[in-house]
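# Close look at the chain arrangement
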Amino acid sequence: KQEVTQIPAALSVPEGENLVLNCSFTDSAIYNLQWFRQDPGKGLTSLLLIQSSQREQTSGRLNASLDKSSGRSTLYIAASQPGDSATYLCAVVDGSSNTGKLIFGQGTTLQVKP
Amino acid sequence: GAVVSQHPSRVICKSGTSVKIECRSLDFQATTMFWYRQFPKQSLMLMATSNEGSKATYEQGVEKDKFLINHASLTLSTLTVTSAHPEDSSFYICSAKPLAGAYFEQYFGPGTRLTVT
């Protein structure tokens, strides 16, 4: 059974720092991996999607990498800003799925202090 | 494009009553919609996969008679929490897979906060 784990659970950094969020999954047979942002009491915003054949994706100050063989992904946030404060979730579409359902990690709650 | 709405955004109901939550794809057709539940400070847990015109597929441990799902059209799925209890209080989020989209594509609604008193 696929399981997704994120560490750390919470992270607090001063504004301007670069930071890395980690995600691991137990079964390397995935279709893709996505990183989402969730603000308190809100739905999800998709940040980056990495296909199983890809190694990384970039969008602005965000860079996500994928090492499928080791079951790991990282989300790198450069020059963090207070507006980046949110919970970041990673999720995979398991290779055994025929519906495309997502399996989520527990999330990392990020606080960027001004 | 690719907007998913949920209604209501917040609902408070008394224990023992039923409440219906709607999930609509506003500008695309969706054969598949997913229903998730999120408890405070926890991640999203898939409850069921809703397919237009057929019965929903429930995840292990989710009571299908308590969480009734209807996907009557290509743009609407509903989740009815029957005989709600305080432990059903949670954040319910739906997502929709476009009919014409890629296999992995799905779009999330803004969520519904259910509080059972």
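As the structure is a computational prediction, the values presented were derived from the model and not from experiment. (Residues numbered from 1 in each chain as written. Chains lettered and ligands numbered in written order. Predicted model: local features only at pLDDT ≥ 70, side-chain atom pairs only at ≥ 80, totals over all residues. Heavy atoms only, no water.)

We now examine the overall build of chain B. Helix and strand content of chain B: zero helices and 11 strands. Secondary structure elements of chain B occur, N-terminal to C-terminal, as β-β-β-β-β-β-β-β-β-β-β. Principal axes of the C-alpha set define a box for chain B whose edges measure 40 × 25 × 25 Å. In chain B, once contacts between residues fewer than 6 apart in sequence are set aside, the share between residues at least 24 apart is 54%. Approximately 5,700 Å² of chain B is accessible, and the part contributed by carbon and sulfur atoms is 53%. A gap of 6 Å separates the mean positions of the 11 positive and 9 negative side-chain charges of chain B. (Helix = DSSP H or I, 4+ residues; strand = E, 2+ residues; numbered from the N terminus. Contact = heavy atoms within 4.5 Å. Areas by Shrake-Rupley, 256 points an atom, 1.4 Å probe, with all protein chains shown as cover. Lys, Arg positive; Asp, Glu negative; His and termini not counted. Charge placed at Lys NZ, Arg CZ, Asp CG, Glu CD.)

Right, let's get into the state of the cysteines. With the rule as written, the count across this model stands at two disulfides over all chains. Two residues, Cys23 of chain A and Cys90 of chain A, share a disulfide whose sulfurs are 1.9 Å apart. Its torsion about the S-S bond being 65°, the disulfide of Cys23 of chain A and Cys90 of chain A is classed as right-handed. Of the two residues, Cys23 of chain A is situated in strand S3 (residues 19-25) and Cys90 of chain A in strand S9 (residues 86-94); the sequence distance between them amounts to 67 residues. Of the two residues, Cys23 of chain A and Cys90 of chain A, both sit in the buried class. One disulfide bridge connects Cys23 of chain B with Cys94 of chain B, the sulfur atoms lying 2.0 Å from each other. (Disulfide = S-S within 2.5 Å. Buried < 20%, exposed > 50% of the residue type's maximum accessible area, 1.4 Å probe, protein only.)

So, about the interface of chain B and chain A. Across the boundary between the two partners, chain B contributes 19 residues, which contact 22 residues of chain A. Each partner contributes to the roughly 1,500 Å² buried at the junction of chain B and chain A, and carbon and sulfur atoms together form 56% of this total. At the boundary of chain B and chain A, one finds one salt bridge. Inspection of the chain B/chain A interface yields five residue pairs in polar contact (both at pLDDT 80 or more). Grouping the amino acids of the side of chain B that touches chain A by side-chain chemistry returns 10 nonpolar, six polar and three charged. (Buried area = accessible area lost by both parts, 1.4 Å probe. Salt bridge = Lys/Arg side-chain N within 4 Å of Asp/Glu carboxyl O. Polar contact = N/O pair within 3.5 Å; in protein donor to acceptor, adjacent residues only side chain to side chain. Nonpolar A, V, L, I, M, F, W, Y, C, P; charged D, E, K, R; others polar.)

Next up on the list: the nonpolar core. Among the nonpolar cores identified, the biggest contains 24 residues, and Trp35, Phe67, Leu79, Tyr92 and Leu114 of chain B are the most heavily contacted of them. Those elements that place two or more of their residues in this core are strand S2 (10-13), strand S3 (19-25), strand S4 (30-38), strand S5 (44-51), strand S7 (67-73), strand S8 (76-81), strand S9 (90-98) and strand S11 (112-116) of chain B. For Leu79 of chain B, the residues in contact, after removing those within four places along its chain, are Val19, Lys20, Ile21, Trp35, Phe67, Leu68, Ile69 and Tyr92 of chain B. The next biggest cluster of nonpolar side chains, apart from the first, holds 22 residues, and it includes Ile50, Leu62, Ala64 and Ala86 of chain A. (Core = buried A, V, L, I, M, F, W, Y, C linked by side-chain atoms within 4.5 Å.)

This part covers the pattern of salt bridges. Applying the stated criterion to the full structure yields five salt bridges over all chains. Between Lys101 of chain A and Glu59 of chain B there is a salt bridge, with its nearest N and O atoms 3.0 Å apart. Placement of Lys101 of chain A in the loop between S9 and strand S10 (102-104) and of Glu59 of chain B in the loop between strand S6 (57-58) and S7 is noted, with the two residues assigned to different chains. On the basis of relative accessible area, Lys101 of chain A is assigned to the partly exposed category, the value being 24%. Residue class for Glu59 of chain B comes out partly exposed when judged on its relative accessible area of 23%.

This is a description of form; function is not addressed.
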